[in-house]
Amino acid sequence: MEYPFEKQTSDEERPMNCPHCTSPSTKEQSKKTILGYRTFRCAACKHLLNERTGTPFNSLEYPTDIVLLVIVWRLRNKLSLRDVAEMFLERGWSFTHETVRDCKARFAPLLAGQTTRSSWKILVRR
Ligand SMILES: [Zn+2]
C-alpha cells in the first residue's frame, strides 16, 4: 500500500515555488535546516524559505514524515498514545503521549483530506 505522504525521490531535485509571492524563481541555498530540509531564497521577494514554509508542518520540531507516521501508527494499529510515544522512543524520537494526541488532532484531518475515501477507511479500519 502506498501512502500519500511518502517522500518522492524526485523532490530532491525539484525547485520550489515561493509560498509568499508564488514566484518560481527560488534559488536553493547550501545551508539546510536543523531537521535537514533544503532552504531557498526567493529572487522576487527575497524571503528565505524551506521545504515546509507555508505548510501546516512548518513550526513543528519533528520531521514531517515522523509526525505522519505517528498518526498512521496511532490510527491504523489502534495503539495507545503512550504505546506510540514509547515505540518512537525506541527509535530515537523522544516525545510525550500528549504530543501524539496533539499531532493526531492537528494533522489526521489533513491526512484524511489527501486520501481517497476508500484508502482512508483501510487506514483506520480494524
Ligand atoms: Zn517570494
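Just so you know, these numbers come straight off a predicted model, no measurement behind them.

**Concerning the pairing of strand S2 (residues 38–42)**
In terms of strand pairing, strand S1 (residues 26–32) meets S2 through four bridges, oriented antiparallel. Of the residues in S2, the one forming a bridge with Lys27 is Arg41. Of the strand pairs in this sheet, S2 and strand S3 (residues 48–50) are connected by three bridges, and their pairing is antiparallel. Following the sheet pairing, Arg41 is matched in S3 by Leu48. Adjacent in sequence and paired antiparallel, S2 and S3 are bridged by five residues, among which Lys46 carries a positive phi angle near 70 degrees.

**What to know about the packing of helix H2 (residues 81–89) against helix H3 (residues 97–113)**
Where H2 meets H3, the axes come as close as 8 Å, and the angle between the chain directions of the two elements is 105 degrees. Judged on the interaxial angle alone, H3 and H2 are roughly perpendicular. Mapping the contact onto sequence places Leu81, Arg82, Val84 and Ala85 in H2 and His97, Val100 and Arg101 in H3. Classifying every residue of the contact of H2 with H3 by side-chain character gives four nonpolar, one polar and two charged.

**Quick word on H3**
The end-to-end C-alpha distance of H3, which contains 17 residues, comes to 24 Å, matching closely the 24 Å that a straight helix rising 1.5 Å per residue would cover. In the structure, H3 departs most strongly from a straight axis at Phe107, where the bend amounts to approximately 40 degrees and where the proline Pro109 lies between one and four residues downstream. Taken together, the buried positions of H3 are occupied by Thr99, Val100 and Cys103. Buried residues along H3 sit against helix H1 (64–76) and H2.

Parameters at a glance
- Residues numbered from 1 in each chain as written.
- Predicted model: local features only at pLDDT ≥ 70, side-chain atom pairs only at ≥ 80, totals over all residues.
- Pairing = 2+ DSSP bridges.
- Helix = DSSP H or I, 4+ residues; strand = E, 2+ residues; numbered from the N terminus.
- Axes fitted to C-alpha atoms, helices over the stretch in contact; angles between N-to-C directions.
- Parallel < 35°, antiparallel > 145°, perpendicular 65-115°, else oblique.
- Contact = placed C-beta atoms within 7 Å.
- Nonpolar A, V, L, I, M, F, W, Y, C, P; charged D, E, K, R; others polar.
- Expected span 1.5 Å × (residues − 1).
- Bend = angle between axes of the 7 residues up to and from the residue.
- Buried ≥ 20, exposed ≤ 12 C-beta atoms within 10 Å, placed from the backbone.

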